[in-house]
Every structure is written in structure tokens, then in C-alpha cells.
2 protein chains.
Amino acid sequence: MALSNNHLVIMAGGVGSRFWPMSTEDYPKQFIDVLGVGRSLLQLTFDRFSGICAPEHIWILTNQKYADIVRRQLPEVPAENVLCEPCRRNTAPCIAYASWRIKASDPHANIVVAPSDHIVMDVPEFKRVITQCLAFCSESDAMLTLGMKPTRPETGYGYIQADLGSSSVRNKEIFRVDSFREKPDLETAQQYIQNRNYFWNAGIFIWNVRTIVNAYRMYQPTLAKLFEDISGVYGTPEEQAVLDSRYPECENISVDYAIMEKAEEMFVCPADFGWSDLGTWGSLLAQTKHDMHGNSVIGPNISVFDTKNCIIHATEEKKVVVQGLDGYIVAEKDNALLICKLSEEQKIKQYSEETK
Amino acid sequence: MALSNNHLVIMAGGVGSRFWPMSTEDYPKQFIDVLGVGRSLLQLTFDRFSGICAPEHIWILTNQKYADIVRRQLPEVPAENVLCEPCRRNTAPCIAYASWRIKASDPHANIVVAPSDHIVMDVPEFKRVITQCLAFCSESDAMLTLGMKPTRPETGYGYIQADLGSSSVRNKEIFRVDSFREKPDLETAQQYIQNRNYFWNAGIFIWNVRTIVNAYRMYQPTLAKLFEDISGVYGTPEEQAVLDSRYPECENISVDYAIMEKAEEMFVCPADFGWSDLGTWGSLLAQTKHDMHGNSVIGPNISVFDTKNCIIHATEEKKVVVQGLDGYIVAEKDNALLICKLSEEQKIKQYSEETK
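These lines cover the structure that appears in this document, whether it is placed above or below.

About the thresholds
Residues numbered from 1 in each chain as written. Chains lettered and ligands numbered in written order. Predicted model: local features only at pLDDT ≥ 70, side-chain atom pairs only at ≥ 80, totals over all residues. Heavy atoms only, no water. Least-squares fit on C-alpha atoms with pLDDT ≥ 70 in both. Contact = heavy atoms within 4.5 Å. Pairing = 2+ DSSP bridges. Helix = DSSP H or I, 4+ residues; strand = E, 2+ residues; numbered from the N terminus. Axes fitted to C-alpha atoms, helices over the stretch in contact; angles between N-to-C directions. Parallel < 35°, antiparallel > 145°, perpendicular 65-115°, else oblique. Left-handed = near helix turned anticlockwise from the far one by under 90°. Nonpolar A, V, L, I, M, F, W, Y, C, P; charged D, E, K, R; others polar. Buried < 20%, exposed > 50% of the residue type's maximum accessible area, 1.4 Å probe, protein only.

What to know about the relation of the copies chain B and chain A
- Here chain B sits on chain A after a turn of 179° about the axis and a move of 0.1 Å along it, with an RMSD of 0.1 Å. Given the turn and translation reported, the copies of this chain are related as if by a two-fold rotation axis. Measuring from the rotation axis to each C-alpha of chain B, the shortest distance belongs to Asn335(B), at 4.1 Å.
- When the interface residues of chain B are mapped onto chain A, 100% of them are again interface residues, pointing to one common binding face.

So, the sheet that holds strand S15 (residues 319-323) of chain B
- Ordered in space as S12(A)-S14(A)-S16(A)-S17(A)-S15(B)-S13(B), the six strands form an open sheet in which the pairing is mixed. Unpaired on one side and paired on the other, strand S12 (296-298) of chain A together with strand S13 (302-305) of chain B mark the two borders of the sheet. Across this sheet, the average inter-strand angle for adjacent strands is 5°, counted without regard to direction.
- Strand direction decides the pairing type here: strand S14 (residues 311-313) of chain A and strand S16 (residues 328-333) of chain A, joined by three bridges, are parallel. Its bridge partner lying in S16(A), His313(A) is registered against Ala331(A).

Side note on the packing of helix H3 (residues 91-105) of chain B against helix H6 (residues 209-219) of chain B
All names here are of chain B.
- Taken N-terminus to C-terminus, the directions of H3 and H6 make an angle of 130°; their axes are 10 Å apart at the nearest point. Looking at the two axes, H3 sits oblique to H6. Pair H3 / H6 crosses with left-handed handedness. Note on element contacts: H6 touches H3 through Val209, Ile212, Val213, Tyr216 and Arg217, opposite Thr91, Ala92, Ile95, Ala96, Ser99, Trp100 and Lys103.
- In terms of residue class, the contact of H3 with H6 is made up of eight nonpolar, two polar and two charged.

Comments concerning the sheet that holds strand S15 (residues 319-323) of chain A
- Reading across the sheet, the six strands line up as S13(A)-S15(A)-S17(B)-S16(B)-S14(B)-S12(B) and stay open at both edges, with mixed pairing between neighbours. Every other strand in the sheet has two partners, leaving strand S13 (302-305) of chain A together with strand S12 (296-298) of chain B as the edge strands with one partner each. Going across the sheet, the axis of each strand differs from the next one's by a mean of 5°, ignoring polarity.

Some words on the pairing of strand S7 (residues 159-163) of chain B
Residues and elements named next belong to chain B.
- Counting buried residues in S7 gives four out of five residues, a clear majority hidden from the surface.
- Pairing between S7 and strand S8 (residues 175-181): five bridges, direction antiparallel. By the bridge assignment for S8, Gln161 is matched with Ser179.
- Of the strand pairs in this sheet, S7 and strand S9 (residues 198-208) are connected by three bridges, and their pairing is antiparallel. Bridged to Gln161 within S9 is Tyr198.

Structure follows, in C-alpha cells:
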């Protein structure tokens, strides 16, 4: 495997509404320094691939309205590598576009597809896993997905059932996928945990460009034809205009449903590198550094008294004092303030909309 | 009594630290729209005297650093009526200065001295009481103080013991003062309430200018001599410079201690017009309009869910959502945020200082 063929596709078009007011439709969470470390989640995603993919082989898929934010946050990435969807069509059209676009410039590309808004605590382990997955895919037509070792019977994720007896001679850490499972109920999730061969689907995929393009041709011929039809414009000044006119035709469908669940040669690499999709404030609290009272305090000048199990995110406030809270979210951004019990955080989306 | 001799002295030099972050040393609570009605406490104080004192007979005693705020908030009051102390010396020097200054322009003045940061809910009743007190003082050498009918055994106020058998033929609502009492302990306060002849000292005084000047001459001859000595400069361009040089000599002493507790001819007018000195967030909650769950919500765009007995003050925030709080203060101003149990509000001053 040559580093020069490694490509990364970062999916950065999401609209986070569960992290209001930190995350808004105009500035969703992937662009925010959620962890208070001085880098946004998108920037941290970029950083994780340093030494694996050259910046000119990093492609950001996003919405037109976020293009400027992406280019400002990732000046190392060539401006033309920021690929803009004119409208939202879920992940299958998006990954198809990126795949055909990359094939036009590098027909031997090996590609990692990764979300822009997840966190990884153990970056060296992440790099080790990704590197071996890229090596595996460069030498085979396998389609590979990362399976996160579950730490709790989470009902908010899809699961991947692995055939743990199937490891190849070539790589003892990679197994055939038996099935993809939708978000389970609690009882089923508990069963999955006990069985030890179920892993969280983190939405991180690795394959070579020939394999994914062929998979689209086989399982999504309409999508494949569309991106094949316009292959003359990739990398030219006409690309955006042609995409803008054709992309709306694409079916709104996820890559999991469109490809993964249909493909024969699906593999999973179980991994354990402190992953979280930061889907909820609770998961942010679980994943970030705590003080001795279980508080995660993110902001330059926050003082807490008699307070425990709270997440306080106020990176713009000059001064915050919190006294006497247990189990709350306190978040302030752009002159919007949220105070809400962590146990009620599923209501945040509704709150942010009702009070518009 | 002629309206033309009525004067009002508003004491507006206070530094509110218990209402942080709403109130700060740079912008204390008398200048803030605490009630969310579009007028600051100072402006509401001014408004209450409409029809009683002409604007050119309204005098504001404040610190040099607040002079611009006062003039901006009260454009109806002549700029030269804003009297600036060069340093803080408590209320006795301050009222002495105002008295000599007013005497220089109107030797027949009848004067009300009032704090700038209190609230009054029943303004017509307030006007009725003040008007009769001014009439009483214009015709006698009495020194009059308002006594608020206590609604609870408050230990945070001084009390006035009235001789309820002493009402004069001239006015059935005005009584001699038996004694002024310092802030009592709870048991004593409860006794006061039962006795029915004890009233809260609200710091509102009424007298004619000859009486108060004579009282200073008798009980505070040093202060009296100082303001007598400089009487040639009142109303001239030299006034501020001379005051700046002499005022620091004044003893730091309250008018209660310097005059009231010594004077023979002290009277009290018991009154009941929904008064509060807004000394604490709790008193603000007690005095302001509640929703059906006991919340006082002050700000343009605040939504509360599952929340009761809270005071939420965020007049600058674009949007606030509060869920699941009971008995808290939430206050945001100038990018400072406080969340604190109402029961712990005595710690606010310390919090605001510790975290500077």
C-alpha cells in the first residue's frame, strides 16, 4: 500500500439540533470546538488522519452553505476538495459523488469514509486500525466497516453482527459481517452485549474506489449511471453547475440501506479507541474530562460550587457561576442559553424549535 | 403648601453587589430595568414623583462615575441637578450637601429624600402618603420618616417604634417615634410584628430645609460648618471643584446614626404601598409578577418548562430555555451568567468577587 493512494472522505453536511444552542443549523456541531481544546470536531477529524492521508487527498462533502466554514477551518485542504451538495440526499448519493470524483483523479484510490462530528480518545490506536484496514482494502475487493466494541446496551445505534470464526489468514482482526441490525430495543441490545459478536456501526467505511463504484453499479444502478454520465466534468470549472442541476434527481437514501445491507463481501474490523458519535449531551459528558464531582466544564471562565454530574459549555461567556446543580446541561452560545436536566435532553430539539 | 417648594433628593450612589451579574459596580441596580417594564429603578423613582415635584426640583446624589448614566436616564432633570460626590461617605454628608445646595436656591423648600433602588407597587397610595407628609412638614419643624407596615419578621431591616397614642389633631396618620431599632434577630422581629407598632425603616425622609439644616447644626456641627463654609459656591461653576477638595474631609456616617437617632422631633407615617428595597433576588421574586408556577421571568424571549419558584432575569439574551429547575436564580448580563439556588443567594457577592 502506498500512502499516495490513500484518500479520506469526511461527511460534514449534518445539521445538529440536539446540541442546541451550542450547535445550530447555521453552525452545526462539526464546526464547533465541542471539547474546548481549540479545534472543532471537523478539525480533530482531519488531524486524526495526519500521516495517513495527504491533505490534497482529503475530500469534504458538505452543504453549499457550510463551504466557507470548511475552507476556513481546513486551510490545508485544497479549496476544490470541498465538494458541495446543492441539497440534502442522505449518505448514498453523497458517497457516490465522492467516489466517482476521486476515481477521476486517482483510479487506484483507497478510501476511508468518516463522519466529521465524532470523537476518538485514543488516536494512536485509531491510526493503527485505519492503517491496517486501508492495507486490507488495497489488496482486496472487500468493503470494510469499523465495529465499535459496545460498552453499554445502547439503543440509539445500529449494530453489526460479526462472524467471529471467519478471520482470514491475512488479517486476524477482520471478520465477515453476518448482518446489519437496526437500532434495537433494550432487551435485544442487552442480548447483543452478552453475545459479544455485535458491534456498534460507527459509519466509518474503508474500501478501494473500484470496489465501491462497482457496488453502486450493482446495487444502485440509477445512482451509478448519474455519476457516470457526468464524469466528464469532474475537476473542471463546470463541475458545480452540472452537479447542482443533476444532484436533486438522486434518491434520498442512506449508504447502509443502499449498499451495505445488500453487499456480499462486507467485512467488519472490531475496534476500541474511545469512540463516541457525541449524539447527545450525555455522551459528551461521558466522553470528556470530568472534575472530581463528575462535571464536564468547557469554557474559559466557569466556576462551579456544590455542583455535580453537570455539563457546562459556555465558550463565549466572559464569566459563568453555577451553584447547586446536579445532573444538568448548561449551554450558552450566540446569546442563547439552555438549562435542562440531562435526563430530559431528548426534548432539546423540540425546545429549540418551539421557541424560535 | 405650594407644589413650587417641593423638592426630591434621590440617593443614587449605591453599588449593588448582591444582584450580580444583573447589577455590577459599573452599572448598579438603580440604573437597570430590574422589573422588565422598560424603565430603570431610578426612572421609576422619578416617575413616582410626577405631579409632586417639578423636574427642576429633583436632585440626584450620585458618584461622579455614574453622572453620565443619570443624565442619560433622566433627561428631564437639569444636568446641574445631578450632584456628584467625589468619594463615598455614607448618607449623612450626602444629605447635608443636598440640603445646603437646595437651601441656596429655595430657602422654603420641603424635601423628600428617597433611595433610587426601591420599588413601590401602589403608586397612587404612595403619592397620597408623600403629599400629606410634605404638607405636614411644610407647616412644622417635624422630621418625618415613612414606616412600612411589616408583612414578615424580616431581620434584614431596621425598625421604627411608633407611639401610636400620639397622633396629632392635625394628622391622624402621623405619630411620634419612640425609638429607632437596629436589624433585630428573628425572635425580636417576631415580637415587633405582634406588637403592631413597629415599622420597617425604608430610608424615606420628609422635612423642610430649615429643619434639616438646623438638625445638622445641632447634632453634626462639623458637617454643618463645612457645607456652610462653602455656601458661596452652590450653583456656580466652582461648585464641583470645591466639593471635590472638601468632601473627603466628611465623616463616613449614616443619616440615621448622625441625625435620626438623636433628634427630638422625629415622626413616622406608617404606610402600606407595596414597598420593597429589592435587597435580594428573593425579594425581587416576592415582589414581581409570577406565572402560575411561581416563576418570575424577566426578559424578552424566555421559555420555561417543568420549572417553579425561579427568578429568571435575562434581558439581553436572544433566547433562553430553562427546564426542570425549582427555586433557582438564573441571571445573564454582559456575557456573565449566574445559576444559583435562591436559598444560597447570600453567597452571590462572594462568587462574583472570587471569580473576577
